[in-house]
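Survey of secondary and tertiary structure
Residue strings, one per chain:
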4 protein chains.
Amino acid sequence: MTTVKTDDKTIFERRESAARSYCRSFPIVFESASGAMMKGADGREYIDFLAGCSSLNYGHNDPDMKKALVDYITSDGVTHGLDMHTSAKAAFLEAFERIVLEPRGMDHRMMFMGPTGANAVEAALKLARKVTGRTNVVSFTNGFHGVTLGALAATGNGYHRGGAGLPLTGVTRMPFEGSMGKDIDTADFLNRMLAEPSSGIEPPAAIILETVQGEGGLNAASREWLRRIEQIARAHGALLIVDDIQAGCGRTGSFFSFEEMGITPDIITMAKSLSGFGLPLATLLVRPEYDIFGPAEHNGTFRGNNHAFVTARVALEKYWADEGFQESVRERAGFLGTRLREIAAHLPDARLKGRGMMQGIDVGSGALASDICSRCFKAGLIIETSGAHDEVVKILCPINIDKGTFARGLDILEEAVGEISRSASIAAE
Amino acid sequence: MTTVKTDDKTIFERRESAARSYCRSFPIVFESASGAMMKGADGREYIDFLAGCSSLNYGHNDPDMKKALVDYITSDGVTHGLDMHTSAKAAFLEAFERIVLEPRGMDHRMMFMGPTGANAVEAALKLARKVTGRTNVVSFTNGFHGVTLGALAATGNGYHRGGAGLPLTGVTRMPFEGSMGKDIDTADFLNRMLAEPSSGIEPPAAIILETVQGEGGLNAASREWLRRIEQIARAHGALLIVDDIQAGCGRTGSFFSFEEMGITPDIITMAKSLSGFGLPLATLLVRPEYDIFGPAEHNGTFRGNNHAFVTARVALEKYWADEGFQESVRERAGFLGTRLREIAAHLPDARLKGRGMMQGIDVGSGALASDICSRCFKAGLIIETSGAHDEVVKILCPINIDKGTFARGLDILEEAVGEISRSASIAAE
Amino acid sequence: MTTVKTDDKTIFERRESAARSYCRSFPIVFESASGAMMKGADGREYIDFLAGCSSLNYGHNDPDMKKALVDYITSDGVTHGLDMHTSAKAAFLEAFERIVLEPRGMDHRMMFMGPTGANAVEAALKLARKVTGRTNVVSFTNGFHGVTLGALAATGNGYHRGGAGLPLTGVTRMPFEGSMGKDIDTADFLNRMLAEPSSGIEPPAAIILETVQGEGGLNAASREWLRRIEQIARAHGALLIVDDIQAGCGRTGSFFSFEEMGITPDIITMAKSLSGFGLPLATLLVRPEYDIFGPAEHNGTFRGNNHAFVTARVALEKYWADEGFQESVRERAGFLGTRLREIAAHLPDARLKGRGMMQGIDVGSGALASDICSRCFKAGLIIETSGAHDEVVKILCPINIDKGTFARGLDILEEAVGEISRSASIAAE
Amino acid sequence: MTTVKTDDKTIFERRESAARSYCRSFPIVFESASGAMMKGADGREYIDFLAGCSSLNYGHNDPDMKKALVDYITSDGVTHGLDMHTSAKAAFLEAFERIVLEPRGMDHRMMFMGPTGANAVEAALKLARKVTGRTNVVSFTNGFHGVTLGALAATGNGYHRGGAGLPLTGVTRMPFEGSMGKDIDTADFLNRMLAEPSSGIEPPAAIILETVQGEGGLNAASREWLRRIEQIARAHGALLIVDDIQAGCGRTGSFFSFEEMGITPDIITMAKSLSGFGLPLATLLVRPEYDIFGPAEHNGTFRGNNHAFVTARVALEKYWADEGFQESVRERAGFLGTRLREIAAHLPDARLKGRGMMQGIDVGSGALASDICSRCFKAGLIIETSGAHDEVVKILCPINIDKGTFARGLDILEEAVGEISRSASIAAE
């Protein structure tokens, strides 16, 4: 069979849609990856502080997952994703129940509605509307929940919304914690708007939120705010949906991002790192009393990716069976915070953002953040921005990154920031 | 690591959502599969006439794809799906260009917008609306295009639509060919509705259709009708979108289902069998002049499933590099038609439906079709129904099924139909 | 107080919106009117075949209504329209019950929801949706129901719909009788679309229709078709709404346009000639079981125009207390049909349209129809076009027009048509 | 002709819709009215502090308007409302230009889109969307703009919104000045939400507001807030629409409610007291550059109520030709404020609301306000509540009410409040 010259990028220009994006920031062809490192077709290696946008929390090609997957394939395991019972799915469900749900006292059911985060959000919104008989959903400024039509209505980003081609309906936007400045208590604002019979806001089917807004700029909600939002949801008959697609699977230090926040969502969306291996897999956790879809009422071909079930089970058993992994993640998060504080000190108005292994620096402008990331890439570090103005340099490295690589990556970042700081100082003189 | 007793189905009842569906028709746990055969955890083997709902057109675990995938995994190939350049993606694009697009004179671009068919439909509708500045889309009775909010609006099935929880907007429904009886020329009807300035139908951004409606009951549109719909789309400034998710990848006998129909769609959605191996992968083919999304304007984490690119490339090179495979598919399709005609003869009002390797028998009622499928399953054949009333017994076996297995599967079907026919005759006496 | 020179039209150009319309066809300033005659500020008189677009079925300034109104005003009768009880309203309700409802065995309630037809349609649609808990409404091609957002969604005309500035939702468009040519049974089409569970048409809250489409081109539905539509509505749990705004109040020969059609709508909208005097007044007749709005749930300032109640009561008592008036209207309608047939004979492909005193000639093109109306106006006849292409010359004169004036008006029309016919013949030679 | 026993209310129960409302608060049949007095069929007289809900700012049956109207009717003036040129309309336009527009330097055009406020709001929103090509409109909590579908989307009241039967779309709700407590600067909040690219709020076509929210509880916006909203509208490319239906025509002390606020709206809606006589009449004032509807693109039968033009012209010439009337209104407003302050002093937490002749007392609960109004009615005073909880006793008497009647009405109110205050004191002891 034919091989392709893998460093030939003309095929992408010739045939791939202009909608392609990450490849514009990292304009080389990648060939392989392991742990926190990616290797280009030209042989060059890069430290990966993006990790498939948090879809590879355990790093690339974890050897145990790899082995289990190869074994599964070699033994002709079922591949397709229709929701037939398979042994791979049974094993995953059993592990998820035993390792995740039972220890946390959660009786949620798991719905497989397609392997992407957007599928999960779509199903969550449909379900909440069906459960309550209401149509309105409250979501927050800077929230990102996907770009299919139902999910896009809940997404704040104007650039993505502009792609809809239709007015987006069924969602009322409320200010996220801190988004309106320090003086405005956004939970109180939400509560007043829902309580006031002439506010013009329909009683919502659900309130959907991320505990840490990943795409929105690493805005981390406080425990107090989240608890008040949960109370407001309950008081107004709305379901609480936590979109844990980016912040879940250990990214903040616990399996769910909300574990230490004292809340229990009615519906939880999970995707990205759920498979542990970068494979498409998503699920919805739903309180049993709200699990009211009929058979196939929400359906799809790739609902249960069996390859992903195999690696996902290994991920659970390897990393989450005891407390050790979480402790190591928190330790890394502490280190990350310390280093970022030092790095931020090079820039006059830089602010730390985020929580756990989902932190970054708001450098004040998209141009500056982009410059930093470009310099990092040249120096061998894959790193990206987020935020409404792309003003946050965000660290999304594997949460089990080895400390040496972690430090080296942060060194590269510090060097890039330092260079810019120095040249700005010189320019100012 | 723990293993699960794979024939224990209680985990599914305990933890999987009530939305699960296929497992209700086939209530065993499957463990492995090869070619056209699936094997249960109890060791029993089944002939597969469902093939992952047409997501396994080349059968289960094709050895060449398997080998390539295992090699890729073993060599630490990139797994995540962000749209960075990878050698696996380059090789797939190159093969698709060389084997599919160039020989057919198609200059379409390929957009990766998420790995499911619904993602593809969502992106197609958004794009058509953005290109034209119009909001209305014409879709057809009995069409099935997915269940996320944008796609669901284009889907006809009332049960699925009922799950939306919101009025579905932006779509005008028109009758598919033949759906209103023989006297009504549905293309002419559509044309009049669009041409009449007081019809109340807004000029559409797109007309979206399946050439053979898979879920809708294997309704196969004629060449003449499709050409007229294309002309109507052009005349009214609408893009023509062919949803080839189920009917594409060889199912009807050619790579695209529309190849012999004399039409060239502006946008084509592909998913299901695109990876060739059952893995989640979808793409949108878009005429270059309509490829107007900005970078990441439509985005997603699992846009480019690299594992799926690996198997998809092998599928193209193995099956589509020359005409041989298509000829063998058409030969099987001829055999299928002949056998189905014989089988249908057992039932008084049965009608043949479909085209190519996407044929079935309308047995007149959902209860009867369901009875037939249940008997088949007991006899070792996985087979399902489709149609608005689930009244069509549909054959979606691998299109490269070996002839012995094919015949055995059809024998089981004939026996089931025969039994029912005989008991009905006895009852009638 | 200042007077204005009433033949000075510059004030309209200077200050009235470009949305003004009828004044463009009849570019003079009118000062007074009586019976079927209008008089310009220049003293010239015109026969009125438009009658306020059917809002003056009994002609201008009926002396009995005039007297009653002047008496009411002189005696300081309540003028404002809030829905307080007034003696004028009581008298109107009592007359409507006695003269209209009871003799027809109708137990409908009367809702006053604002004095315009669009208000009535808006309230009818809201009510039907509330009653059924459904959102979809079926309306027909070429239907006209007003231009406020809810009513506009039910209106077919593309030019009016284009003014919405928003996608219009909540309405499914179906073909009106005869609109798709002779071969298509549009009632059967509607029934199939509603009966088919995968048609993609939601079960409707209501079917709304005009028995004769006034603005849509004087399309008169048959008794059989209307009865089938009523049966279809009942069978599918939808309310039947007859919009009798233009065709009601005697225009077709009976008080309601549907009386001889063998149907009893659940909701009826009335406006235009309801006051009998051209004053704004509208009402909704609602079966008591569907009269479920709470107090002021639909409200408005001018719900009950007391001046209009005064004249409306006189109209009922004068014209509808016995059969005599209806007979005279039918006689005029017969005369009109005969004359129009003669007039149409001058034009090769002209077709008669309409029913009762709501007839016209489809002359085949908007340009020709416009030319005819312009010539008529120059000769002293106010007459307008209707239809999707403005291709129908429509006669909407007072239904009690005196026969001499009626004949003179029709003579002018015949002369205009004859002139055109002759010049076309000469041009053809 | 038959007469009806005008004190017989059974006809209303028998035949009028349950949606009727004001008659429930004032359960008698009114027969005539003059100035600030209404008289029942039983001969009893009432002071009118409701004035047709501000549609009779100049009182009932003003003798000059009455005379002009009777003369017009007697001389067979044109009655119907199609937008043909009439001398009555010309005279009104000329007077409006001369007395209202020119002295204020306003070059707005006047659109007649139907005689109700809701028609005006519907047309305003359609026009703003057409002008800008945007769909979103910003409206405010507690705003009331009518109950037809487009207007209802902009209305805040949950009870009215509940009647829609459809999700209401196209409007984003923002907090009105003061509605979120003293700490929240609602103009700043609006500005941030519009300025933030990821807020999820689409750029608006318009911002619509009432300077004093009549139905919403007499919330009077400050000059500073209004000026900032105007600046925000300009900065974000949105049109500013002032809905002056209730607050206009002198109610606040100047012809427009915004005159002393330092703003110039792009579009102004007027209705209610525009005719001066309680007759249905509405208009839209539109800056000429936004007057872009085509002929009849927004149309309707009763666009130009000629009877209302006659009385409206008299109202302008009689009351607005010089400054005298405004001064007398302001004097009354001062008196009203003084008296209301005294009356409010009887109740512990009562607060004064409103501005000009549109003031009231927030008594803290709907039950209390309702009790006050009932007692007043028994004592001969027609007065109503407003606010989200009906907690405001509102004074909307004629703005030219004679001082004796005014004082007597306020005495009745004070007596009612005093009674309640005393009985509460006794109960508390």
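In this text the structure is predicted, and so the values were computed from the model without any measurement. (Residues numbered from 1 in each chain as written. Chains lettered and ligands numbered in written order. Predicted model: local features only at pLDDT ≥ 70, side-chain atom pairs only at ≥ 80, totals over all residues. Heavy atoms only, no water.)

Another aspect to go through is the confidence of the model for chain A. Here chain A averages 96 in pLDDT, and 98% of its residues register 70 or above. Here the predicted complex carries an ipTM of 0.97, next to a pTM of 0.97. (pLDDT = per-residue confidence, 0-100.)

This next bit is on the interface of chain A and chain B. With 113 residues of chain A at the interface, the matching set in chain B holds 114 residues. When chain A packs against chain B, close to 10300 Å² is buried across both sides, 61% of that on carbon and sulfur atoms. When residues of chain A are sorted by the area they lose upon contact with chain B, R15, H85 and F302 of chain A head the list and together hold 9% of the total. At the surface where chain A touches chain B, the tally comes to eight salt bridges. Between R14 of chain A and E97 of chain B there is a salt bridge, and its shortest N-O distance comes to 2.7 Å. Where chain A touches chain B, the interface holds 56 residue pairs in polar contact (both at pLDDT 80 or more). The biggest single contributor to the side of chain A that touches chain B is helix α5 (residues 87-101) of chain A, with nine residues. (Contact = heavy atoms within 4.5 Å. Buried area = accessible area lost by both parts, 1.4 Å probe. Salt bridge = Lys/Arg side-chain N within 4 Å of Asp/Glu carboxyl O. Polar contact = N/O pair within 3.5 Å; in protein donor to acceptor, adjacent residues only side chain to side chain. Helix = DSSP H or I, 4+ residues; strand = E, 2+ residues; numbered from the N terminus.)

Each side of the interface is counted separately: chain D has 115 residues, and chain C has 115 residues. Across the interface of chain D and chain C, roughly 10400 Å² is buried in total on both sides, 61% from carbon and sulfur atoms. Contact with chain C buries surface across chain D, with R15, H85 and F302 of chain D losing the most and accounting together for 9% of the total. The interface formed by chain D and chain C contains eight salt bridges. Here D76 of chain D makes a salt bridge to K66 of chain C, at a shortest N to O gap of 2.6 Å. Counting the contacts that link chain D with chain C gives 56 residue pairs in polar contact (both at pLDDT 80 or more). With nine residues, the top contributor of residues to the side of chain D that touches chain C is helix α5 (residues 87-101) of chain D. Taken together, the residues of the side of chain D that touches chain C sort by class into 50 nonpolar, 36 polar and 29 charged. (Nonpolar A, V, L, I, M, F, W, Y, C, P; charged D, E, K, R; others polar.)

Next up on the list: the packing of aromatic side chains. Enumeration according to the criterion identifies 82 aromatic pairs over all chains in this entry. For the ring pair F256 of chain A and F258 of chain A, a centre distance of 4.9 Å and an interplane angle of 15° mean the geometry is stacked. For F256 of chain A, a relative accessible area of 0% corresponds to the buried category. An angle of 70° between the planes, with centres 5.8 Å apart, marks the rings of F30 of chain D and Y46 of chain D as edge-to-face. Remark: Y46 of chain D occurs in strand β3 (residues 45-48) and F30 of chain D occurs in strand β1 (residues 30-34); sequence separation between them is 16 residues. According to the relative accessible area criterion, F30 of chain D is buried, its value standing at 0%. Members of the aromatic cluster, connected to one another through ring pairs, are Y58, F92, F96, F112, F255, F256, F258, F309, Y319, W320 and F325 of chain A. (Phe/Tyr/Trp six-rings, centres within 6.5 Å; stacked < 30°, edge-to-face > 60°. Buried < 20%, exposed > 50% of the residue type's maximum accessible area, 1.4 Å probe, protein only.)

Let's shift gears to the relation of the copies chain A and chain B. Structural alignment of chain A on chain B gives an RMSD of 0.0 Å, achieved by rotating through 180° and translating 0.0 Å along the axis. Accordingly, the operation relating the two chain copies is best matched by a two-fold axis. When the interface residues of chain A are mapped onto chain B, 100% of them are again interface residues, pointing to one common binding face. (Least-squares fit on C-alpha atoms with pLDDT ≥ 70 in both.)

With respect to the element layout, F189 of chain D can be found in helix α9 (residues 186-195). In this structure F189 of chain D touches P175, M180, I184 and F189 of chain A together with M174 and P175 of chain D, once residues within four positions along its chain are discounted.

Glancing now at the domain arrangement of chain A. Often the size quoted for an interface is simply the accessible area lost on bringing the parts together. Residue and element names in this part refer to chain A. Taken domain by domain, chain A consists of domain 1 (10-62 + 325-428) and domain 2 (77-320). Computed from C-alpha coordinates alone, the two centres of domain 1 and domain 2 are separated by 26 Å. Listed by partner, the interface residues are 32 residues for domain 1 and 33 residues for domain 2. Three residues stand out in domain 1 for area buried against domain 2, namely Y58, R355 and M358, and they jointly supply 31% of the buried area on that side. (Domains from an automatic or database assignment.)

Turning our eyes to something else, we now look at helix α4 (residues 63-74) of chain C. Residues and elements named next belong to chain C. For α4, built from twelve residues, the straight-helix expectation of 16 Å at 1.5 Å per residue is met to within 8% by its first-to-last C-alpha distance of 16 Å. Those residues of α4 that sit buried are M65, K66, A68, L69, V70, Y72 and I73. Two or three places before D64, at the opening of α4, D62 has a side-chain oxygen 2.9 Å from that residue's backbone nitrogen. Of the residues trailing α4, D76 is marked for its positive phi of about 60°. (Expected span 1.5 Å × (residues − 1).)

Structural alignment of chain D on chain C gives an RMSD of 0.0 Å, achieved by rotating through 180° and translating 0.0 Å along the axis. Counting the interface residues of chain D, we find that 99% of their copies in chain C are interface residues as well, pointing to one common contact surface.

Residue and element names in this part refer to chain A. Spatially, β13-β14-β17-β16 is the arrangement adopted by the four strands of the open sheet, whose pairing is antiparallel. In the strand order of this sheet, the two ends are held by β13 (351-355) and β16 (384-386), each with one partner. Taking the axes of each pair of neighbouring strands and ignoring which way they run, one obtains an average angle of 35° across the sheet. In this sheet, strand β14 (residues 358-362) lies alongside β13 in antiparallel orientation, the contact comprising five bridges. What sits directly across from R351, in β14, is D362. Contacts from helix α12 (residues 324-344) reach β13, β14 and β17 (392-395), with the element oriented near 5° to β14. (Pairing = 2+ DSSP bridges. Axes fitted to C-alpha atoms, helices over the stretch in contact; angles between N-to-C directions.)

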